[in-house]
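Structural features, examined
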Amino acid sequence: MNMQPFGAEILDSENRLSHFNTHVRRPLSSLRDHFADQTAFSRMLQAGDPIVYEVYEVHRPATAGELPHGLSIVHPGRVGDEYFMTKGHFHTVRGTAEIYYCLKGHGLLLMQNEAGEWVAEELRPRRLVYVAPGWAHRSINVSETEDLVTLFVYPGHAGHDYSSIERRGFLKSIQRDDGTFRVVDSPKWCAVAEK
Ligand code: S6P
Ligand code: ZN
């Protein structure tokens, strides 16, 4: 691991970093239980398995002093009326925050905490969103045509807890309605974690 200072370019035309350790591509099939409309999901999967989002990440040691970072790219698309989105997660160490800075596109960062509160902050170029400690987060692309590109930075010891979201879902879902996006109650939300 490089322990020296370093710089990197954000390659605008390719939506990627000049240097990174991993490039993860998440196809629709990896988001099976996240979208509300199962019929639309199956139909879309049969027609192919589109990439919903990609992440370029610069790995850093899992210590409090380090700052892993990278680019997240959510492609435009919908499953039924629900916009393409990331899986979403809590940080395993709940007391760790994160910063998202929007470079391109139009989206929302949907956040919720374990007390059942939720917040949806808009992502537009030059807008940043501070994910406070204890808030799960998911990014959603509400553009019909453009990629949503964000730069993220989080503490090295944060860890990722996907299972809480897989069990209970998010309280809200972002749906297209009458040509615009709406935040609606999610049918996937389990008020009691029974699964
Ligand atoms: C990591 C940070 C992002 C997400 C990325 C994909 O803490 O929040 O790198 O990993 O946006 O989302 P997800 O929910 O699949 O990790
Ligand atoms: Zn995170």
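My aim in this report is to walk through the structure given alongside it, one point at a time. As the structure is a prediction and not an experimental result, all values here were calculated from the model.

How each quantity is defined
Residues numbered from 1 in each chain as written. Chains lettered and ligands numbered in written order. Predicted model: local features only at pLDDT ≥ 70, side-chain atom pairs only at ≥ 80, totals over all residues. Heavy atoms only, no water. Pairing = 2+ DSSP bridges. Helix = DSSP H or I, 4+ residues; strand = E, 2+ residues; numbered from the N terminus. Axes fitted to C-alpha atoms, helices over the stretch in contact; angles between N-to-C directions. Buried < 20%, exposed > 50% of the residue type's maximum accessible area, 1.4 Å probe, protein only. Lys, Arg positive; Asp, Glu negative; His and termini not counted. Salt bridge = Lys/Arg side-chain N within 4 Å of Asp/Glu carboxyl O. Contact = heavy atoms within 4.5 Å.

**Digging into the sheet that holds strand β13 (residues 135-141)**
In spatial order, the strands read β11-β10-β13; together these 3 strands make up an open sheet with antiparallel pairing. Edge positions in the open sheet fall to β11 (118-123) and β13, since each of these has one partner strand only. Each adjacent strand pair in this sheet contributes to an overall mean axis angle of 20°, direction not counted. The pairing of strand β10 (residues 107-113) with β11 spans 6 bridges and is classified as antiparallel. When the sheet's bridge partners are listed, Gly107 is paired in β11 with Leu123.

**Details of the side chain of Glu57**
Relative to the helices and strands, Glu57 resides in strand β4 (residues 51-58). Despite its burial, Glu57 pairs with no opposite charge; the closest candidate is Arg26, at 8.7 Å N-O. Filtering out sequence-adjacent residues up to four positions away, Glu57 remains in contact with Phe20, Asn21, Thr22, Pro68, His69, Gly70, Phe152 and Tyr154.

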